[in-house]
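Observations on chain architecture
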Amino acid sequence: MLNLPKVYKVFAKNFLRKTKKYRRQLGLECEFPIVTDSGEAIGYEVIRNLFKFLKKQGYTLFKDGGTSEIISASKDSYSRGRFGYASDVIGTDVGYCTVEISLAPEPDLHKLANHFNDSIAPLIAYFKNNKCRMLGYGVQPLTKPNKSLLANKGRYIFFEQDSLNRFIDSRDGVDLHVFATSAANQAHIDIYKDEAIRAV
């Protein structure tokens, strides 16, 4: 049975109290649709080779526990977040053709921007060498949602089995596959304990 007081304590202890010593930090997760020069979604082999490329760049590769597919690459960052997030992670999202970059937190926007530029430059070069492009748009421009774009990750395969067909024709897949063509960005900002209610 779920112990709610214990869950509350774990959740609450991670809120900072305002101090003069600690500065608020910022984190960033960015997702990019990857397309061929003609604008279609890339093939899965490009992503498999991306992970080989990242390993040569000093990244550690991680496999999915359910499928044994390599799904992400991690590298220690020069940043040190208060939760111990000291690594940058590059992986795929719901669709294998969406690359996600998660950066370790930084103390200000200037450092975060430099960190982002340093992290994205090798990816841009890799995709350019493979006749592909990273788009800043939030969706695949030409390729329609379909089951062949789903990343080979256990959690998405699990969700796939219960997804309906309200939007996607069953010949193409299930509704979950809409997310295989989309991308989004998230910013993470430290919130102090006394700001939590107002922030939500």
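What you see is a predicted model, and the numbers here were worked out from it, not measured in a lab.

This part takes up the pattern of salt bridges. In this structure the tally under the stated criterion is five salt bridges. Measuring nitrogen to oxygen at the nearest pair gives 3.6 Å for the salt bridge that ties Arg48 to Glu45. Taken as a pair, Arg48 and Glu45 lie in helix α2 (residues 44-56) at a separation of three residues, close to a single helical turn. Among the residues examined, Glu45 registers a relative accessible area of 43% and is labelled partly exposed.

The next subject is the packing of α2 against helix α3 (residues 109-129). The interhelical angle for the contact between α2 and α3, taken along N-to-C directions, is 135°, at an axis separation of 11 Å. Judged on the interaxial angle alone, α3 and α2 are oblique. For the pair α2 and α3, the sense of crossing is right-handed. Packed against α2, whose contacting residues are Val46, Asn49, Leu50, Phe53 and Leu54, the element α3 presents Pro122, Leu123, Tyr126 and Phe127 at the interface. In the contact of α2 with α3, the residues fall into eight nonpolar, one polar and no charged.

Chain-level statistics for the protein chain give a pLDDT mean of 87 and a share of 92% at 70 or above. Within the protein chain, the lowest mean pLDDT, 76, falls on helix α5 (residues 196-199), and the highest, 96, falls on α2.

In this section: a nonpolar patch on the surface. A surface patch of nonpolar side chains, about 310 Å² in accessible area, is lined by Leu2, Leu4 and Val7. By relative accessible area, Leu2 is classed as exposed at 61%.

Further remarks concern α2. End to end, α2 covers 19 Å across 13 residues, agreeing with the expected 18 Å (1.5 Å per residue, within 8%). Among the residues making up α2, those that are buried are Tyr44, Val46, Ile47, Leu50, Phe51 and Leu54. Down the axis of α2, the sector holding all buried residues measures 155°, keeping them to one side. Across from the buried face of α2, at angles greater than 90 degrees, the exposed residues are Lys52, Lys55 and Lys56. Among the structural elements, β2 (60-63), β3 (70-76), β4 (87-92), β5 (98-106), α3 and β6 (132-134) are those in contact with the buried residues of α2.

The rules we used
Residues numbered from 1 in each chain as written. Predicted model: local features only at pLDDT ≥ 70, side-chain atom pairs only at ≥ 80, totals over all residues. Heavy atoms only, no water. Salt bridge = Lys/Arg side-chain N within 4 Å of Asp/Glu carboxyl O. Helix = DSSP H or I, 4+ residues; strand = E, 2+ residues; numbered from the N terminus. Buried < 20%, exposed > 50% of the residue type's maximum accessible area, 1.4 Å probe, protein only. Axes fitted to C-alpha atoms, helices over the stretch in contact; angles between N-to-C directions. Parallel < 35°, antiparallel > 145°, perpendicular 65-115°, else oblique. Left-handed = near helix turned anticlockwise from the far one by under 90°. Contact = heavy atoms within 4.5 Å. Nonpolar A, V, L, I, M, F, W, Y, C, P; charged D, E, K, R; others polar. pLDDT = per-residue confidence, 0-100. Patch = residues over 30% accessible without salt bridge, like charges linked within 9 Å, V, L, I, M, F, W, Y side chains within 5 Å. Areas by Shrake-Rupley, 256 points an atom, 1.4 Å probe, with all protein chains shown as cover. Expected span 1.5 Å × (residues − 1). Arc of directions from axis to C-beta.

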